[in-house]
Structure formats: structure tokens, C-alpha cells
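Fold and geometry: a report
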Amino acid sequence: MRTYTREQKMTIIHGVLCFVSLLVILQLWLLTASMNAYLGGDRHVLWPAALVSLGLLALNGGLLSFLYRLQRS
Amino acid sequence: MEQGHLPPSGSEPPNGRSWHEQAGWRNDFPIDWAQDHYVQRREFVKFLCLTSLGFAVGQLCLLGSSWLRQETRPDRKEIARLDQLNIGQVVSFRYPTERHPCLLVRLGPDEIVAYSQLCTHLSCPVVPQLEQQRFFCPCHHGAFDLHDGRPILGPPRRPLPRVELQVEGGVIYAVGVRASTT
């Protein structure tokens with residue numbers, strides 16, 4: 001991995017932090033919307049919602065692992 | 001500053017002054033502030049990722065619960081005789097199981113409706129208020145339209161589940177329950 005200065009690393013981590021926060025808020029919205037649909041008897045949205053939620057989790061995990069690799073570089 | 005107490009390369013004290021201008025205790029315990037800030041933010045991202053994992057698990061639990069509760073059409077159940085039901089009369093019954101209280105209301109000669117009695121907000125039992133054409137939930141002052149079960153007041157956002165009815169030979173039967181999001 002390319003080496004960065006400390007200032008660059010701080011800028012990167014702030015960007016990642018904002019992005020991960022947005023993704024987590026999106027996941028929360030997805031969960032509440034799915035719960036509403038489930039209680040309202042609409043089960044068709046649950047599969048796509050679960051897949052999207054897992055995708056967001058994978059993205060968050062990837063960004064976290066990027067931060068660990070960034071620290072080691 | 002003694003050579004043995006030099007802070008890690010590239011670190012800066014939090015007040016922005018040089019290390020020679022720092023108090024003695026800070027020279028004795030030099031902390032790599034930039035690294036400290038980086039680790040703090042990385043740990044926060046880690047916490048957010050765990051939250052994300054929790055949401056994904058919740059989503060999977062919903063999916064599992066939905067899979068376990070496969071839709072099966074409940075049995076038909078007799079509720080009342082049409083000729084014994086006056087206009088404006090309310091009949092309480094339980095459907096599809098004994099744990100599901102419902103209300104049947106005759107609104108007109110040809111208009112009969114039945115809904116689950118459990119409020120869609122926090123499952124308090126609703127009471128009919130015919131003069132105001134609504135079902136009222138006394139727990140949080142929610143209300144539902146008497147004719148279609150839509151929420152019209154208070155915290156509930158979903159309509160009352162509607163009990164599907166069938167009239168056959170002058171007898172009213174409950175044949176299913178239909179929940180909806182709007």
C-alpha cells in the first residue's frame with residue numbers, strides 16, 4: 001500500500017468515518033422499514049433488504065480493514 | 001529536553017508549541033497525539049461496524065422469523081347471525097386464535113366490518129366509538145377509521161389488520177386476516 005503522511009491519514013480516516021456513519025444510518029432506516037413491512041404483512045421486501053444490509057456490512061468491514069492496513073503502512 | 005525523553009518522531013504536543021516549551025510532566029510522559037487521535041477514530045469506526053453487524057443480524061432475524069411463520073390460511077369461523085346483529089352493534093370475538101381479539105361492527109344494512117382489536121402501535125386493545133366513527137386506543141390516544149381501519153390520530157402508522165368476512169346462509173364467518181402497511 002502507498003505510504004501517506006500523518007495528516008493525509010487523518011483526512012482519510014475522517015472521510016471513512018463519515019462514510020461508515022452514513023452507511024450505518026442507511027442500515028438503521030432499512031431495518032425499521034423492513035420491520036414495518038413485516039408487521040404489515042408484506043414479506044416480499046425482506047429478502048432484498050437483507051441482501052442490501054449484508055452488502056452494507058461487507059462495505060463497512062472492508063473500510064475498517066482498510067484503516068488497519070493504512071495504519072500499518 | 002533529555003535525549004532519552006524525546007517523543008516519537010512526527011508527533012506534536014496538543015497545544016501546538018515546541019517540545020522545549022512544554023511543561024516538565026509532558027516531557028516526562030510524551031504521548032504521540034496524532035497516533036492517539038488516529039486510534040480513537042479507528043476504534044469508533046470499529047464500534048460503528050459492530051453496530052452495522054447488529055443491524056444485519058436483526059435483518060436476518062426478520063427474514064428467519066418470516067420463513068418460520070409461513071402463511072397458512074386460517075380456518076373459517078362462525079361469528080354471529082346477521083339477523084341478530086343490529087346496525088351499530090359490536091361483537092367481540094377471537095380469530096384466528098384465542099390470542100387474537102377482534103371486533104365486528106355492523107355499520108349499515110349491507111356494511112359489516114371486522115378488525116383486529118390490537119392497536120398497531122403497542123398492541124393495546126382498541127375500543128369502538130361509533131358516534132365518532134372510529135376505534136380509539138386509550139393507551140396513547142391513537143384512533144383508526146371505523147370504515148377502513150386506517151390510522152387517523154396518534155402514534156399508530158399502520159392500519160388495523162382487517163378480518164375478511166363471508167356471509168353465507170345468514171351467518172357471518174371470518175375467513176382470513178389481512179394486514180397491510182398503508
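Residues numbered from 1 in each chain as written. Chains lettered and ligands numbered in written order. Predicted model: local features only at pLDDT ≥ 70, side-chain atom pairs only at ≥ 80, totals over all residues.

Assigned secondary structure in chain B consists of two helices and ten strands. Listing the helices and strands of chain B from first to last along the sequence gives α-α-β-β-β-β-β-β-β-β-β-β. For a compact globule of 182 residues, the expected C-alpha radius of gyration is about 16 Å, and chain B comes in at 32 Å, more than 25% above that figure. For chain B, the residues scored as buried account for 21% of the 182 residues in total. For chain B, restricting intrachain contacts to residue pairs at least 6 apart in sequence, the fraction spanning at least 24 positions comes to 31%. (Helix = DSSP H or I, 4+ residues; strand = E, 2+ residues; numbered from the N terminus. Rg over C-alpha atoms; globule rule 2.2 N^0.38 Å. Buried ≥ 20, exposed ≤ 12 C-beta atoms within 10 Å, placed from the backbone. Contact = placed C-beta atoms within 7 Å.)

Let us now look at the environment of Val171(B). All names here are of chain B. Mapped onto the elements of the fold, Val171 is located in strand β10 (residues 171–178). As for Val171 and Val113, which are separated by 58 residues in sequence, their C-alpha atoms are 14 Å apart. With sequence-adjacent residues up to four places away left out, Val171 is seen in contact with Glu78 and Arg81.

Moving on: the nonpolar core. When a protein is soluble and globular, its nonpolar side chains tend to lie buried together. Val16(A), Val20(A), Leu46(A), Val45(B) and Leu48(B) are the most contacted members of the largest nonpolar core, which has 20 residues in total. If one sorts the elements of this core by residue count, helix α1 (residues 6–39) of chain A sits on top with eight residues. When near neighbours in sequence (up to four residues on either side) are disregarded, Leu46(A) contacts Ser34(A), Tyr38(A), Leu62(B), Leu63(B) and Ser66(B). The next biggest cluster of nonpolar side chains, apart from the first, holds 19 residues, and it includes Ile79(B), Val126(B), Leu160(B) and Val163(B). (Core = buried A, V, L, I, M, F, W, Y, C linked by C-beta atoms within 7 Å.)

On to the sheet that holds strand β6 (residues 134–137) of chain B. Residues and elements named next belong to chain B. With antiparallel pairing, the four strands of this open sheet are ordered in space as β5-β6-β7-β8. The open sheet has two edge strands with one neighbour each: β5 (127–129) and β8 (151–153). Taken pair by pair, the neighbouring strands of this sheet meet at an average axis angle of 35 degrees, ignoring direction. Examined bridge by bridge, strand β7 (residues 142–145) and β8 share two bridges and lie antiparallel to one another. Looking at the pairing, Phe144 lines up with Pro151 of β8. (Pairing = 2+ DSSP bridges. Axes fitted to C-alpha atoms, helices over the stretch in contact; angles between N-to-C directions.)

Of the residues lining the interface, 27 residues belong to chain B; the matching set on chain A comes to 36 residues. Considering each element in turn, the side of chain B that touches chain A owes the most residues, 21 residues, to helix α2 (residues 33–68) of chain B. The class makeup of the residues in the side of chain B that touches chain A is 13 nonpolar, nine polar and five charged. (Nonpolar A, V, L, I, M, F, W, Y, C, P; charged D, E, K, R; others polar.)

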